[in-house]
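# Fold and contact review
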Amino acid sequence: MPNTAISVSDLSKKYDDRLAVSHINFEVPLGTVCGFVGPNGSGKTTTMRMLLGLITPTTGQGHILGEPIEHPEKYLSRVGAMIEGPAFYPALSGYENLMVLAKLGGFPLERVQQLLDKVGLGDRGKSKFKTYSLGMKQRLGIAAALLPEPKLLMLDEPTNGLDPEGIQEVRALLRDLANEGTTVFVSSHLLSELEIISDYIVMLRKGEIVFAGPIGELMAQQQPTIIAKSLNHSDLKRIVEIAELAGHHAVIRNDSVHVLAEMDWAPVLNKAAFDAGITLAQLAPQLPNLEETFFEMTGEK
Amino acid sequence: MFNVVKAELRKLRRPTLFFGTMGAALFFTGLITSFIYLMIDSPQGNGDRGRSIGREVLGLASGSVNGFASVGNFLGIIALCVFAAQTAQEYTYGTLRNLLIRQPGRMKILIGKLISMMLFAIAMIAIAAIVSIAISYILAPGAEVSTDLWFTSAGFEAIFTTFINVTISVVAFGIVGMVLGLLLRSPISAISFGVLWLLIVENLLIAVKNSLQNWLPGAQLSAIASGGAVDLTYKHALTVGGLYVAVGAIVASVLFVRRDVAN
Ligand SMILES: Nc1ncnc2c1ncn2[C@@H]1O[C@H](COP(=O)(O)OP(=O)(O)OP(=O)(O)O)[C@@H](O)[C@H]1O
Ligand SMILES: [Mg+2]
């Protein structure tokens, strides 16, 4: 048994003349929750489709649970997935829709009602899919993905359309599944939505990987920054001079100066400012904010 | 593949679809069969395209299935619509990706779908046959048609042969529907193209040049249902019609197996 749930190397997909996914490499260890993050159009759905055998890669290889993606029949019975939103037959009930998929996959039919209960649709299972709210549709999609009791669960933006409570529930569900040994590969265009539950992050931008690794490494990549505020704009420029004289890069943003330095340099800055006759309104470390890192990395702002 | 059939049957037994289709089949069966007997003396004819079907023909051993064989065409068009819709909707609803995640063998999906819809079509044909023969039997005395030969061994043989011919024809129409569904990926386009072609384009072409009757796909499949037609032998219809269906099925399957599922 390999210890990676997903591994891809040099994977690309070209639509017409445009590379939607460009020579990406990454691995997702078994048993982790891996956040797959990137802005709209960065290639998340395209990558997931390749991993599920729905579209053929233009270049590269991939392995899921140790099996090559050219042979989806070797691993899909152990994989649950919802790609690009829930898609079901509108005229069938939620229950019937899951029955179709349970029969197709040869799964025990009792699971259908159990899963409807699990995702909170227990009492609406008999209603037609077309009468469901967006959140209910999303829940049905998650239930369908859980039908095989998957070793690997792939969910494409599962919290789209869910209210804050629903988002909490999905997060708790994913965390529970991971604790039971399921590997979860979940995409979102918001890092903040996944950072709480993810052990691992793969970040995509314009079809290219900008980060892939444990979430701790992503935090560590953040530049430590001190923020110094002053009410007087001309003082800000002098703070920049002080910082640069000491060899630290500094820039003015709005009414504060961002100094790239460890927090233990803050007292030095404070003293120097005081000596220069500058009153600092505030002096604080910038709190680790993955969203900021994300925007820096993906170049969106 | 057996799982695919079971899953597909789950979709086909949806009440609106099942009873809607069966209802339409019964409506045409009742209408066309009754017409033959009720209009037997009409100068406008009692068969399709103004043909006259006389008492001597209806009184033959094969008389009981005259109505049923004439309905074959309509059953074929119904099958075309159902097969096309059930196939193309997987694209428009985006449900194809769910199917392929659960069963990545794309040929298995296609064949399983075909088998399940064939079962559905056979149920429809059987009901139409029973109803058509029953109506014929009930209306025959009033139209002064003798039913003495209908339930002899030659009569049952005629029923059996017609049932097989109608089934071949209807399933072939269904496969054409499936092919259109796979190629056009939209139920509305597939159904409108198929129905317009069969009901209007072919008839216009045949009106312009009668010999085209021997080469147009719809005309071949219709002729199979009635065991051959005027100037069109059963064997010819089976060969040419079979060729159309085979080529269409191969092209559509190859496309389906290779094509990216990106919607
Ligand atoms: N079927 C298709 N045909 C042509 N181009 C496509 C197709 N599907 C996706 N693309 C293109 O590929 C790129 C990546 O799309 P993809 O759907 O993978 O992005 P995404 O990261 O999932 O975005 P989102 O967050 O909006 O869902 C986009 O530029 C998109 O326009
Ligand atoms: Mg997407």
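Per chain, the residues get numbers from 1 upward, laid out in the order the sequence is written. For naming, the first written chain is A and the first written ligand is 1, with later ones following in the order written. Only residues with pLDDT of at least 70 get local features here, since the model is predicted, and only at 80 or more are side-chain atom pairs given and counted; chain-wide, interface and lining totals rely on the full set of residues. The basis for every side-chain value is the complete set of heavy atoms in the structure, and neither hydrogens nor water enter the calculation.

A few words on the interface of chain A and chain B. Taken residue by residue, the interface counts 35 residues in chain A and 27 residues in chain B. The term buried area denotes the loss of accessible surface (1.4 Å probe radius) that occurs when two parts are joined, taken as the sum for both partners. Of the roughly 2,600 Å² buried between chain A and chain B, counting both surfaces, carbon and sulfur atoms make up 61%. Whenever Lys or Arg places a side-chain nitrogen within 4 Å of a carboxyl oxygen from Asp or Glu, that contact is recorded as a salt bridge. On inspection of chain A and its partner chain B, the count reaches three salt bridges. Between R13(B) and E96(A) there is a salt bridge, and its shortest N-O distance comes to 3.3 Å. Between N or O atoms, a polar contact is any pair within 3.5 Å; within protein, one atom must be a potential hydrogen donor and the other a potential acceptor, and residues adjacent in sequence are included only when both atoms are from side chains. Applying the counting rule to chain A against chain B returns 16 residue pairs in polar contact (both at pLDDT 80 or more). For the side of chain A that touches chain B, the secondary structure elements donating two or more residues are β1 (4-15), β6 (79-82) and α2 (94-105) of chain A. For helices the rule is a DSSP run of H or I covering at least 4 residues; for strands it is a run of E covering at least 2, with both sets numbered from the N terminus onward. Element by element, the count of residues in the side of chain A that touches chain B is highest for α2(A), at eight residues. Residue classes follow a fixed rule: Ala, Val, Leu, Ile, Met, Phe, Trp, Tyr, Cys and Pro count as nonpolar, while Asp, Glu, Lys and Arg count as charged, and any other residue, Gly among them, counts as polar. Residue composition of the side of chain A that touches chain B, by class: 22 nonpolar, seven polar and six charged. In this description, contact between two residues means that some pair of their heavy atoms is separated by no more than 4.5 Å.

Below, the discussion takes up the sheet that holds strand β2 (residues 18-29) of chain A. Residues and elements named next belong to chain A. Reading across the sheet, the four strands line up as β2-β1-β4-β5 and stay open at both edges, with antiparallel pairing between neighbours. Lying at the two open borders of the sheet, with one neighbouring strand each, are β2 and β5 (67-68). When DSSP finds two or more bridges between a pair of strands, those strands are recorded as paired. Across five bridges, the pairing between β1 and strand β4 (residues 59-64) is antiparallel. Bridge pairing in β4 links I6 to I64.

Checked against the element boundaries, T45(A) lands in helix α1 (residues 44-51). Throughout, exposure labels follow a simple rule: accessible area from a 1.4 Å probe, protein chains only, divided by the maximum for the residue type, with under 20% read as buried, over 50% as exposed, and the rest as partly exposed. On the basis of relative accessible area, T45(A) is assigned to the buried category, the value being 16%.

Another aspect to go through is unusual backbone geometry. Phi is positive for E84(A), close to 50°, though the residue is something other than glycine. Positionally, E84(A) belongs in the loop between β6 and α2.

For the rest of this paragraph, the subject is the site of ligand 1. Here a residue is near a molecule or strand as soon as one of its heavy atoms is found within 4 Å of it. Every one of the 13 residues lining ligand 1 counts as a neighbour, but G41(A), G43(A), K44(A), T45(A) and T46(A) are closest to it. With respect to ligand 1, its neighbouring residues span chains A and B. N40(A) places a polar side-chain atom, nitrogen or oxygen, 3.0 Å from an oxygen atom of ligand 1. Bound to the protein, ligand 1 loses 69% of the 630 Å² it would expose on its own. For the shell around ligand 1, the elements supplying multiple residues, two or more each, are β2 and α1 of chain A. It is α1(A) that contributes the most residues to the shell around ligand 1, three residues altogether. For the shell around ligand 1, the class distribution of residues is four nonpolar, six polar and three charged. Per-residue accessibility takes into account occlusion by the displayed protein chains alone, with areas from the Shrake-Rupley method and a 1.4 Å probe.

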